[in-house]
Amino acid sequence: MAKGTIPISAFKARCLAVLRRVKQTGQTIIVTKFGEPIAEIVPPTPAPPEEPWLGKLKDRGKITGDIVAPAADPSDWDAMGP
């Protein structure tokens with residue numbers, strides 16, 4: 001990657017445009033003050049791809065017993081009250 005340079009005064013005046021250019025082109029920019037490098041503007045590292053969350057827990061659970069039957073005995077439901 002090639003590196004460009006820009007004086008601090010020009011960077012201050014066009015900061016957002018310079019940052020946009022760095023992101024779009026991937027080119028590093030060195031900010032200088034009186035010809036001396038004081039900062040490097042580098043493109044962001046690419047974000048890792050997101051893993052799909054659906055199905056992530058597949059094969060991690062274990063069904064034991066009857067999953068259709070009620071958890072409590074239906075004859076006890078009247079005793080529970082409203």
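Located above this text is the structure these notes cover.
Conventions used here
- The numbering scheme is per chain: residues are counted from 1 as the chain's sequence reads.
- Residue-level local features of this predicted model are given only where pLDDT is at least 70; pairs of side-chain atoms are given and counted only at 80 or more, and the full residue set underlies all totals for whole chains, interfaces and linings.
- Excluding hydrogens and water, the side-chain values take into account all heavy atoms of the structure.
- Helix and strand definitions follow DSSP, with helices as H or I runs of at least four residues and strands as E runs of at least two, each counted in order from the N terminus.
- Here the radius of gyration uses the C-alpha set of atoms, whereas the globule reference equals 2.2 Å times the residue count to the power 0.38.
- Three labels apply to residues, based on accessible area from a 1.4 Å probe with only protein chains included: buried if under 20% of the type maximum, exposed if over 50%, partly exposed otherwise in between.
- In these tables, accessible area is a Shrake-Rupley quantity obtained with a 1.4 Å probe, and a residue counts as shielded only by the protein chains included in the view.
- Neither His nor the chain ends is counted toward charge; the positive residues are Lys and Arg and the negative residues Asp and Glu.
- We put the charge of a Lys on NZ, of an Arg on CZ, of an Asp on CG and of a Glu on CD.
- Should DSSP find at least two bridges between two strands, the strands are taken to pair.
- An axis is simply a line fitted to the C-alpha atoms; with a helix, the fit covers only the stretch in contact. Between two such axes, the angle follows the N-to-C directions and lies from 0 to 180 degrees.
- Contacts were defined at the residue level, with two residues in contact if any of their heavy atoms lie within 4.5 Å.
- Each patch groups residues whose relative accessible area exceeds 30% and which form no salt bridge, using 9 Å between like charges and 5 Å between nonpolar side chains of Val, Leu, Ile, Met, Phe, Trp and Tyr.
- Salt bridges are defined as contacts in which a side-chain nitrogen from Lys or Arg sits within 4 Å of a carboxyl oxygen from Asp or Glu.

I'd like a rundown of the overall build of the protein chain, residues and numbers included.
Across its full length, the protein chain holds three helices and three strands. N-terminal to C-terminal, the α/β element order of the protein chain is β-α-α-β-β-α. Against the 2.2 N^0.38 benchmark of 12 Å for 82 residues, the protein chain shows a C-alpha radius of gyration of 31 Å, more extended than a compact globule. Taken along the three principal axes of its C-alpha coordinates, the protein chain extends 85 × 35 × 20 Å. Per-residue burial over the protein chain gives 16% buried out of 82 residues. Accessible surface for the protein chain amounts to roughly 7,500 Å². Of this, 59% is attributable to carbon and sulfur atoms. Separation between the mean location of the 11 positive side-chain charges and that of the 9 negative ones in the protein chain comes to 27 Å.

For the sheet that holds strand 2 (residues 28-33), give the residues involved together with the corresponding values.
Strand pairing in a sheet relies on backbone hydrogen bonds, with the paired strands running either antiparallel or parallel. Spatially, the three strands line up as an open sheet ordered 1-2-3, and their pairing is mixed. This sheet does not close on itself; its edge strands, each paired only once, are strand 1 (3-7) and strand 3 (36-41). Shown here is a sheet whose adjacent strand axes are inclined to one another by a mean of 30°, direction ignored. Note: strand 2 against strand 3, five bridges, orientation antiparallel. Its bridge partner being in strand 3, I30 is matched across the sheet by E40. Where helix 2 (residues 15-25) meets the sheet, it contacts strand 1, strand 2 and strand 3, and its direction lies at approximately 150° from that of strand 2.

Quick one: what's the story with the pairing of strand 1, residue by residue and with numbers?
Residues G4 and I6 point to one face of strand 1 and are all buried, whereas K3, T5 and P7, pointing to the other face, are not buried. Relative to strand 2, strand 1 is paired through five bridges, and the arrangement is parallel. From the neighbouring strand, I6 faces strand 2, where its bridge partner is V31.

Describe a nonpolar patch on the surface, with residues and values.
On the surface, I63, I67 and V68 cluster together into a nonpolar patch covering about 380 Å² of accessible area. Note that I67 resides in the loop between strand 3 and helix 3 (77-80).

Quick one: what's the story with the side chain of T32, residue by residue and with numbers?
Secondary-structure assignment places T32 in strand 2. If sequence neighbours within four positions are ignored, T32 has contacts with T5, I6, P7, I8, P37 and I38.

Account for unusual backbone geometry, with residues named and values stated.
Of note, the phi angle at F34 is positive, near 55°, even though the residue is not glycine. By secondary structure assignment, the location of F34 is in the loop between strand 2 and strand 3. Here the phi dihedral of D59 falls at roughly 70°; this positive angle occurs in a residue that is not glycine. Residue class for D59 comes out exposed when judged on its relative accessible area of 72%.

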